[in-house]
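Structure at a glance
Spelled out from the first residue to the last, the chains are:
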Amino acid sequence: MFKSIRWKFTTIYFMLVFIGMIIAGVIIVESFQRYHMNDVSRRLINLTELIKPQIERYVDFGFDSPEIRTIIQNQSELGFREEIFIISGTDYKIAATSTQNIGRSAEEFLDFELLVEGLNGKTREKNIIIQDAGYQIRTMDRVEPIRDGRQAVVGLLYIRYDLTDVYKSLSESKATIVRATLAALGITILLGFMIARTITEPINDVTEKAAKMAAGDFDQKVDVKSNDEIGKLAEMFNVLTSELKTSMDEISREKSKLEAILHYMDDGLIAVDRDGVIIHLNPKALEMLELPYRAERIDQILKEIDPDLTMNKIVEDGTRWSGSKIVDYKGSTLRVNYAPFENVRGIKSGFVFVLQDVTEQEKLDRMRRDFVANVSHELKTPLTSIKSYTETLLDGGIDDPDTIQQFLGVIDGEADRMARLVRDLLQLSNFDAKMANLHMEEHDMLHLIRQCIMKLETSYKPKNQRIKINAQETTLVSVFDYDRMEQVLINVIGNAVKYTPEEGKITIFVSRMPKELVLRICDTGMGIPDKDLARIFERFYRVDKARSRALGGTGLGLSIAQQFVEAHGGNIAIESTVDIGTTVTIRLPAVSVSA
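Here goes a summary of the coordinates provided. (Residues numbered from 1 in each chain as written. Predicted model: local features only at pLDDT ≥ 70, side-chain atom pairs only at ≥ 80, totals over all residues. Heavy atoms only, no water.)

Some thoughts on the environment of Val315
Tracing the backbone through its elements, the reader meets Val315 in helix H8 (residues 311-316). The spatial distance from the C-alpha of Val315 to the C-alpha of Pro340 is 10.0 Å, given a sequence separation of 25 residues. The contacts of Val315, once residues within four sequence positions are left out, are Trp321 and Phe351. (Helix = DSSP H or I, 4+ residues; strand = E, 2+ residues; numbered from the N terminus. Contact = heavy atoms within 4.5 Å.)

Following this line, the structure appears as structure tokens:
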């Protein structure tokens with residue numbers, strides 16, 4: 001019942017009135033009580049001021065003198081409700097009183113604390129509760145010291161006022177307030193229920209129509225019966241109904257279009273929610289996977305493809321929720337690309353897995369790698385012969401010196417170029433076969449860069465080029481393979497020297513980040529066109545084949561550099577603008593000396 005907004009509204013209205021009445025009643029009762037208490041206090045003060053001077057005038061005759069008793073008796077005859085006690089300061093007995101307690105000890109039925117305060121010369125007032133035959137009697141007591149001509153305290157004037165009528169009046173007032181509160185609350189419940197009904201009926205109508213819309217019936221209209229907020233709600237509901245119907249029709253068309261695209265696409269597609277439950281699986285994916293059953297969770301499929309490629313491992317690695325992996329599956333080579341998708345609030349709510357059959361592509365790559373290895377081994381023997389024959393000619397086997405020098409130079413140059421090719425091919429082959437080993441030791445990167453520049457002096461000095469190192473530190477010690485990194489830097493800096501014109505400038509920026517070393521080799525050379533940047537690290541790929549061969553390039557330098565850098569756990573990237581220059585950025589893990 002209390003889940004209804006009508007009862008909630010009525011309850012809130014009831015509580016507001018109830019709390020208001022309670023607060024008002026408390027304030028009224030407290031004010032009424034405070035008024036009566038102040039009135040009684042004033043009566044006691046006035047009575048004290050009236051009889052105390054008269055008593056002090058006859059104090060020398062003794063407290064039991066006829067004059068003092070007459071004063072007390074006169075006050076009693078006037079009909080005052082106060083009880084008056086004259087207490088001797090020597091024996092603490094009641095010397096005169098308006099009651100029948102003359103001669104009794106004051107400590108028996110008067111407040112001891114007030115008596116002590118009065119004997120100390122102080123005037124005090126106090127509310128007292130007296131227990132009498134099972135009843136409680138509330139009184140207000142006041143004590144005044146009586147002084148003689150020397151201002152010494154010789155007795156006490158003790159006055160007591162019975163508050164029974166006051167508290168009776170207060171009780172009647174409280175009962176009246178309670179009756180008024182109950183009447184007001186009854187009226188409040190009735191009015192609240194009636195007012196709430198005028199609000200909840202239109203809301204109930206909107207709720208019923210909304211439920212029908214949720215069931216798929218969008219032909220719902222709400223009657224607008226007023227121009228207030230409820231009426232505006234009804235109007236907006238009708239607008240929402242119309243817009244929602246239009247949107248649902250558009251979504252339905254887009255869904256049909258998307259389903260057709262996914263159904264006929266060449267790649268397999270699997271969409272899952274964040275828990276790994278499959279929400280879409282197109283026919284191409286079923287064809288690629290050749291599953292004997294239709295899986296409900298992605299892990300049932302992924303564990304068949306690659307045990308290391310599971311939802312748990314993808315989600316645990318929160319910094320890399322997207323990626324790509326090539327796996328062998330049932331005689332085929334599949335590239336599995338995965339990435340998260342987000343909901344309207346930007347929260348990752350699932351993943352999309354795209355399966356691509358790259359079997360033929362992988363076969364071509366494998367043939368290419370095999371070709372490189374075979375060519376390397378086939379060229380090794382003739383290269384040795386050519387090198388031996390060249391050395392023989394250089395020793396003087398032919399009489400014509402000019403001819404000897406001419407042919408020897410050509411043969412030696414070709415032999416060196418082929419030797420470099422064989423060396424490069426072997427290095428790449430080793431990395432492809434994962435046979436290459438890195439000799440990781442501590443070295444100074446700045447020292448290595450200077451050594452590489454020194455080795456390239458014969459190349460850049462004839463062209464009047466300037467090479468500058470820009471580093472904030474004098475040494476940058478880290479752990480890396482000195483020989484491999486030397487080859488990387490000679491390849492990269494050598495390319496900058498080759499393709500930078502005379503009087504050009506090459507700047508090498510070196511910096512240490514918290515977790516990596518960053519090297520940027522910037523030149524002012526001819527640059528690389530955008531269409532070639534994506535393939536610049538491919539083996540045997542040359543931007544300008546004729547110029548590269550003329551400069552002695554094999555098309556393998558950057559590929560080798562990339563292999564070496566990635567073997568160190570780093571990466572290499574190239575940015576370039578034609579006729580402006582090229583920047584090669586190398587990032588390596590910064591391993592401290594202490595590590």
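Section: a nonpolar patch on the surface
Together, Met15, Phe18, Ile19, Ile22, Ile23, Val26 and Ile27 make up an exposed nonpolar region whose accessible area comes to about 570 Å². Overall, the relative accessible area of 30% leaves Phe18 in the partly exposed class. (Patch = residues over 30% accessible without salt bridge, like charges linked within 9 Å, V, L, I, M, F, W, Y side chains within 5 Å. Areas by Shrake-Rupley, 256 points an atom, 1.4 Å probe, with all protein chains shown as cover. Salt bridge = Lys/Arg side-chain N within 4 Å of Asp/Glu carboxyl O. Buried < 20%, exposed > 50% of the residue type's maximum accessible area, 1.4 Å probe, protein only.)

Focus on the packing of helix H13 (residues 482-498) against helix H16 (residues 557-567)
Axis separation between H13 and H16 bottoms out at 9 Å; the angle between their running directions is 140°. Between H13 and H16 lies a crossing whose hand is left-handed. Note on element contacts: H16 touches H13 through Gly557, Leu558, Ile560, Ala561, Phe564 and Val565, opposite Arg484, Gln487, Val488, Asn491 and Asn495. Its residues placed into classes, the contact of H13 with H16 shows six nonpolar, four polar and one charged. (Axes fitted to C-alpha atoms, helices over the stretch in contact; angles between N-to-C directions. Left-handed = near helix turned anticlockwise from the far one by under 90°. Nonpolar A, V, L, I, M, F, W, Y, C, P; charged D, E, K, R; others polar.)

Focus: the sheet that holds strand E17 (residues 581-589)
Across the sheet, which stays open at both edges, the five strands sit in the order E12-E14-E15-E17-E16 with mixed pairing between neighbours. Only two strands of the sheet have a single partner each, and these edge strands are strand E12 (466-471) and strand E16 (571-577). Strand-to-strand twist in this sheet, taken as the mean axis angle between neighbours without regard to direction, amounts to 15°. With seven bridges joining them, E16 and E17 adopt antiparallel strand pairing. Paired with Ile572 across the strands is Ile586, a residue of E17. Against the sheet, H16 touches E16 and E17, its axis set at about 140° to E16. (Pairing = 2+ DSSP bridges.)

Looking at the side chain of Asn282
Structurally, Asn282 is set in the loop between strand E7 (278-281) and helix H6 (283-289). A distance of 2.9 Å separates a polar side-chain atom of Asn282 from the backbone nitrogen of Leu269. Residues within four places of Asn282 in sequence aside, it is in contact with Leu262, Met265, Asp267, Gly268 and Leu269. (Polar contact = N/O pair within 3.5 Å; in protein donor to acceptor, adjacent residues only side chain to side chain.)

Here we look at helix H4 (residues 164-214)
Because an α-helix packs 3.6 residues into every turn, residues spaced three or four apart end up facing the same way. Taking 1.5 Å of rise per residue, the 51 residues of H4 would be expected to cover 75 Å, and the 70 Å separating its terminal C-alpha atoms lies within 8% of that figure. Of all the bends found along H4, the most pronounced is centred on Arg197 and spans about 30°. Every buried residue belonging to H4 is among Val166, Leu170, Ile177, Thr181, Leu185, Thr188, Gly192, Ala196, Thr200, Val206, Lys209 and Met213, and all of these are buried. Directly beyond the C-terminal end of H4, a positive phi value near 110° is found at Gly216. (Expected span 1.5 Å × (residues − 1). Bend = angle between axes of the 7 residues up to and from the residue.)

Details of the pattern of salt bridges
Enumeration according to the criterion identifies 14 salt bridges in this entry. Lys455 is paired through a salt bridge with Glu486; the nearest N and O atoms lie 2.3 Å apart. Remark: Glu486 occurs in helix H13 and Lys455 occurs in helix H11 (residues 445-455); sequence separation between them is 31 residues. Across the salt bridge formed by Glu457 and Lys461, the nearest N and O atoms sit 3.8 Å from each other. Salt bridges sharing common partners tie together Lys52, Glu125, Arg142 and Glu144.

That is the geometry; function is a separate question.
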